[in-house]
Amino acid sequence: MKKRIGFIIPNTDKKIRYGKLSKLGSYLPSLGIAYIAAVVEKEGYEVSVIDAEIKNYSDEEIIKEVSKLNLEVIGFQTFYNTLNSCFRLAHKIKAYNGL
C-alpha cells in the first residue's frame, strides 16, 4: 500500500501575507508545492494537495479534509510571516487526531 502524503496551503489573510502591499497581492496556485507533489507522486506515493487559500477553507474544514484523506505525512507551505498560522493549524490537526 502506498504511503499517503498531503501538502497544505493554509488560508492566509492578504494583509498578513503581503503586509502594506496587500491591495496588490493575489492568490495564485503554488508552483513550489505542485513541483514537490509531482516528484513525490512519481516516486510512487499517493499525494493530495489541500489548497485552503483558493478554496477559502477554515481550519476546521482543513482538518475534516485531512481526516477524510487519512494522511500519514503532511507538509505545509509557509513563509516567515505565515509560520504562526501553520504551527497553529498543525497543533489543531494533531489534537484532532489524538497525537
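Preceding block: the structure.
Here is what the cut-offs are and how they apply
Residues numbered from 1 in each chain as written. Predicted model: local features only at pLDDT ≥ 70, side-chain atom pairs only at ≥ 80, totals over all residues. Heavy atoms only, no water. Helix = DSSP H or I, 4+ residues; strand = E, 2+ residues; numbered from the N terminus. Buried < 20%, exposed > 50% of the residue type's maximum accessible area, 1.4 Å probe, protein only. Contact = heavy atoms within 4.5 Å. Areas by Shrake-Rupley, 256 points an atom, 1.4 Å probe, with all protein chains shown as cover. Salt bridge = Lys/Arg side-chain N within 4 Å of Asp/Glu carboxyl O. Pairing = 2+ DSSP bridges.

For the chain, the helix and strand inventory stands at five helices and three strands. The buried share of the chain, reckoned over its 99 residues, is 35%. Contacts spanning at least 24 positions in sequence make up 73% of the contacts within the chain whose residues lie at least 6 apart. If you sum the accessible surface of the chain, you get close to 6900 Å²; carbon and sulfur atoms cover 58% of it.

Attention now moves to the pattern of salt bridges. Pairing is possible between side chains that carry opposite charge, provided their charged atoms lie close to one another. The full count for this structure, using the stated rule, is five salt bridges. The partner of D59 in a salt bridge is R88, and the shortest N-O contact between them spans 3.0 Å. A residue pair is termed long-range when its members are at least 10 positions apart, and D59 in helix α4 (residues 59–69) and R88 in helix α5 (residues 83–96) qualify at 29 residues. With its nearest N and O atoms 3.8 Å apart, the salt bridge here joins K92 to E60. Linking K92 in helix α5 with E60 in helix α4, this pair joins segments that are 32 residues apart in sequence.

Side-chain direction in a regular strand flips from residue to residue, so the side chains alternate between the two faces of the sheet. With six of six residues buried, strand β1 (residues 4–9) is to be regarded as a mostly interior element. What you see with β1 is no split at all: R4, G6 and I8 on one side and I5, F7 and I9 on the other are buried throughout. As judged from the six bridges shared by β1 and strand β2 (residues 46–51), these two strands associate in the parallel manner. Bridging from a neighbouring strand, R4 pairs with E46 of β2.

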